[in-house]
Amino acid sequence: MANDLPTVRWGIVATGMISSWFVEDLLLPTWPGKRANHIIQSIGSSSLEKGQKFHEKYVLPHLAQNSGVDPKIYPDYASVYNDPDVDVVYIGTPHSFHKQNCIDAISAGKNVLCEKAFTLTQADAKEVTKLAKEKGVFLMEAMWTRFYPLVKELRRLLYEEKAIGRVWRTFADFGLSYDVESLPDNSRLKDLSMGAGTLLDIGIYSLTWGVLTLEENVGKGEHPKILAAQTLQSGVETISSWILNYTDTGRHGILTSTSNVRSANNFARIEGSKGVISIHGPTSSPESFTVKLHDEEGEGKLYTFDKPGRGFYWEADAVAVDLKEGRKENETINWAETERIMGIMDEIRRQGGARFPGDTF
Ligand SMILES: NC(=O)c1ccc[n+]([C@@H]2O[C@H](COP(=O)([O-])OP(=O)(O)OC[C@H]3O[C@@H](n4cnc5c(N)ncnc54)[C@H](OP(=O)(O)O)[C@@H]3O)[C@@H](O)[C@H]2O)c1
């Protein structure tokens, strides 16, 4: 571990897939642009046995190359919230539990990094951010892709260098291929009470690429009008398509998600007056893009970005730096931006027809 960097001690809540990805990344020896050291201080699970299995599989093999600190395993989440050695809690439960998990962690005075989708609705997101403000803790949505160096370079090319001229349209898709009807009823991808459907699970990434590429000052300028349609299968949304309509600049985002068809590798295309940028997938964690000018011969210029593991360390580093500097919100995805994204997804569902129990629209 690098001595001159801030060190953050994480409490991990839930031992599902995303928690395993997050933890394995934080235990890597290093990564490009590393800004912090990360210690997995404790792990909370619905059962001690599950927590121990997670520890054995995803933590133990990597400890030697990290701090050597062996985390405590708890048979519940509350013990993580109350662990005095935990600086920040990472929440990796299904979306529908995020609100209560955040409320419990924040009420115990803990800083929180919470997986996307942040909550089920904008109203829920606002409740959580309000509590964080009252309690004076740090809170951030774990929209990890926003922290990729690739995104920074892409936005520099679009809005500083103006590499493709005037930006007009972005197409972005996130498609996976699974049969929702054959999933078990308690799957988070099928159970409506857990926020099932593609929009909050993967469509949020298409939406993120839309705002990141069409807004010069993300979240601080023009807010788009929304036009949306959805397909439901046995009540679960399996296709979402929507347009972000920026009436001042005239820009359009044509954005989609589905569980019926896997996305093409070139999942996003940004069109400008002088050229086109294609981003190469997966949608949540791309490693390259190509800039092709209209008046240029050949395939265009390829930009590639080195990424050991999966790329969760960049958002974790951002949290560490914010904590060190005493900030309560992160400037890349602040509370207003999280609330805005949830509000757009509310509106897509309001127009498209996908509903969760308890929806008020
Ligand atoms: N950033 C990304 O790239 C990314 C990728 C995938 C998922 N996610 C997000 O991460 C969250 C979790 O997704 P996942 O794929 O990791 O889910 P998962 O594999 O099903 O794991 C979720 C974990 O949450 C806990 N949990 C608590 N109550 C539960 C309940 N009633 N049903 C199921 N699990 C329950 C369980 O852990 P314990 O038993 O240990 O308590 C479970 O293992 C979602 O919000 C998803 O959108 C993000």
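An unreviewed UniProt entry lists the chain under the name D-xylose 1-dehydrogenase (NADP(+), D-xylono-1,5-lactone-forming), with Dactylellina haptotyla as the source organism. If you open the UniProt record of the chain and go to Sequence similarities (unreviewed entry), you find "Belongs to the Gfo/Idh/MocA family." Recorded in UniProt for the chain, the comment headed Catalytic activity (unreviewed entry) runs: "D-xylose + NADP(+) = D-xylono-1,5-lactone + NADPH + H(+)".

Structural notes on the site of the ligand
Looking at the ligand, there are 23 residues lining it, with Thr15, Ser45, Ser46, Lys50 and Tyr77 nearest. Separating an oxygen atom of the ligand from a backbone N or O atom of Ile18 is a distance of 2.8 Å. In isolation the ligand has 890 Å² of accessible area, and contact with the protein removes 80% of it. Listing elements by their share of the shell around the ligand, those giving two or more residues are α1 (17–26), α4 (95–107) and α7 (198–214). Element by element, the count of residues in the shell around the ligand is highest for α4, at 3 residues.

Examining the environment of Gln230
Turning to its location among the elements, Gln230 is positioned in strand β8 (residues 225–233). For Gln230 and Asp191, which are 39 residues apart along the polypeptide, the C-alpha to C-alpha distance reads 17 Å. Leave out the neighbours within four places in its chain, and Gln230 touches Leu199, Glu237, Ile239, Ser240, Ile348, Arg349, Gly352, Gly353 and Ala354. At a separation of 3.4 Å, a polar atom in the side chain of Gln230 contacts the main-chain amide nitrogen of Gly353. A polar contact of 3.1 Å, which involves the side chain of Gln230, links it to the backbone nitrogen of Ala354.

Points about the domain arrangement of the chain
Annotation of the chain at the domain level lists domain 1 (7–145 + 312–328) and domain 2 (149–306 + 341–352). Distance from the C-alpha centre of domain 1 to the C-alpha centre of domain 2: 26 Å. In this assembly, 18 residues from domain 1 lie in contact with 22 residues from domain 2. On the domain 1 side of the contact with domain 2, His95, Leu120 and Thr145 bury the most area, a combined 31% of that side's loss. Seen at the junction of domain 1 and domain 2, the total is 1 salt bridge. For Lys116, the salt bridge is made with Asp201, and the minimal N-O distance between the two is 3.8 Å. Put simply, domain 1 and domain 2 have 4 residue pairs in polar contact (both at pLDDT 80 or more) between them. Of all elements in the fold, only α4 and α5 (122–135) reach the threshold of two or more residues within the side of domain 1 that touches domain 2. Per-element accounting of the side of domain 1 that touches domain 2 gives the leading share, 3 residues, to α4. In terms of residue class, the side of domain 1 that touches domain 2 is built from 10 nonpolar, 6 polar and 2 charged.

Conventions used here
Residues numbered from 1 in each chain as written. Predicted model: local features only at pLDDT ≥ 70, side-chain atom pairs only at ≥ 80, totals over all residues. Heavy atoms only, no water. UniProt positions renumbered as here; feature names shortened; annotations may be inferred. Near = heavy atom within 4 Å. Polar contact = N/O pair within 3.5 Å; in protein donor to acceptor, adjacent residues only side chain to side chain. Areas by Shrake-Rupley, 256 points an atom, 1.4 Å probe, with all protein chains shown as cover. Helix = DSSP H or I, 4+ residues; strand = E, 2+ residues; numbered from the N terminus. Contact = heavy atoms within 4.5 Å. Domains from an automatic or database assignment. Buried area = accessible area lost by both parts, 1.4 Å probe. Salt bridge = Lys/Arg side-chain N within 4 Å of Asp/Glu carboxyl O. Nonpolar A, V, L, I, M, F, W, Y, C, P; charged D, E, K, R; others polar.

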